[in-house]
Amino acid sequence: MKVTIISISIALLTLLSTGCSSQRKPVSQHQGAYAPQGGITIHNAIGVLDATYSPWSDVEMPVRLQLSSPKSVSISGKAVMVRDKEIYLSFRMLGFEVASVYMNTDSVYAADKYHKVMFAESLTAVTGKPGVTIGNIQDMLTGRAFSIDSKKGKTDWERHMTLKQNPSDPNSFILTPKRMPREFDYCFILDVTDGIPAVDMLSVTPNGREAICCKYSGLKSTPCGMIMQQGAFSAEINDTPVNATIKWDLGGAKWNTGKKAPWRQPKGYTRLDRQNIIEIFKSL
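The structure presented is a predicted model; accordingly, all values stated were derived computationally and were not measured.

(A) Representation of the nonpolar core within the structure. Of all hydrophobic cores here, the largest spans 62 residues; its most connected members are Leu175, Phe188 and Trp248. Apart from residues lying up to four places away in sequence, Leu175 is in contact with Ile46, Ala145, Trp157, Met161, Thr162, Leu163, Cys187, Phe188 and Leu190. Counting 10 residues, the second-largest nonpolar core is a separate cluster that includes Tyr88, Tyr109, Trp263 and Tyr269.

(B) How the structure looks around empty space enclosed by the protein. Space inside the second largest cavity adds up to approximately 50 Å³. Lining the second largest cavity, in full, are Leu49, Thr52, Tyr53, Gly143, Ile196, Pro197, Ala198, Val199, Leu219, Met226 and Ile227. Among the elements of the structure, strand 10 (198-206) and strand 12 (225-237) are those that each provide at least two residues to the lining of the second largest cavity. Among the residues forming the lining of the second largest cavity, the class breakdown is 9 nonpolar, 2 polar and no charged.

(C) Fine view of the pairing of strand 10. Across the 9 residues of strand 10, 8 count as buried, placing the element largely inside the fold. Where strand 9 (residues 184-191) lies against strand 10, 8 bridges are found, and the strand directions are antiparallel. Its bridge partner lying in strand 10, Leu190 is registered against Val199. Where strand 9 folds back on strand 10, the antiparallel hairpin that results is connected by 6 residues, among which Gly195 adopts a positive phi of roughly 100 degrees. In this sheet, strand 11 (residues 212-222) lies alongside strand 10 in antiparallel orientation, the contact comprising 4 bridges. Each residue of the ladder has a partner; that of Ser203, found in strand 11, is Cys213.

Criteria and cut-off values
- Residues numbered from 1 in each chain as written.
- Predicted model: local features only at pLDDT ≥ 70, side-chain atom pairs only at ≥ 80, totals over all residues.
- Heavy atoms only, no water.
- Core = buried A, V, L, I, M, F, W, Y, C linked by side-chain atoms within 4.5 Å.
- Buried < 20%, exposed > 50% of the residue type's maximum accessible area, 1.4 Å probe, protein only.
- Contact = heavy atoms within 4.5 Å.
- 1 Å grid on protein atoms, 1.4 Å probe; cavity = no way out; pocket = protein on both sides within 12 Å on 5 of 7 lines; lining within 4 Å.
- Points joined across faces, edges and corners; volume = space filled by probe spheres on them.
- Helix = DSSP H or I, 4+ residues; strand = E, 2+ residues; numbered from the N terminus.
- Nonpolar A, V, L, I, M, F, W, Y, C, P; charged D, E, K, R; others polar.
- Pairing = 2+ DSSP bridges.

The quantities given are spatial measurements derived from coordinates; they are silent on function.
Quick look at the structure:
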């Protein structure tokens, strides 16, 4: 059981630490509020995309994490996110917390409460680049485009990002940073099939490594704008394919209530490092 709990808790962190074709999304009845007359063009796509992103301060909602490769595991729990400050995922079995993931502006933790082992590392070490923020990771988890160069608050799209037509798909655009990080390349595929631009896929390619992809689906209107209900991550770790899907129950989300993450760093736990995690994946 140790391998199961730790692998599913660490899977998400591993995909983040390294930092595909299009997948269509169901149409939401609220999308018409954002769709401009005359349709989406390369000239108005960014403005419309930005209009679908409303500010938020905090959210609490149910979450499910599924690991399909190298092992099939599914676990449910609760998520609490404080905008630009904290991400907390608590996974439960039979009503008891068995694992948790916590991130703040400095550090990342993953703990197996049952076996009293944990992973702890700096946020910079996990993401592989100074400057990647909790806000960036929150946007990634919820299917929103972002710029690593942007500060807290709204992205200055014109200053930091470039949009071009996708040569392989007339119904999508490619959004890339004007200044690519030294540590990795990244880009977003924006799909406009349903009348508004929405992130269909995020691709991150670390130097000298295979690309990590996240395909999004289930675009849904919330009190804080459009959010994706599901993100399917795929990567390769030491020649081992890793596929993990995070699913948000947006119907059960509570927005802007002043919620804080109820995290306390455990004491007396055995600490795992990156090599331990790699060995875990090799054993699966």
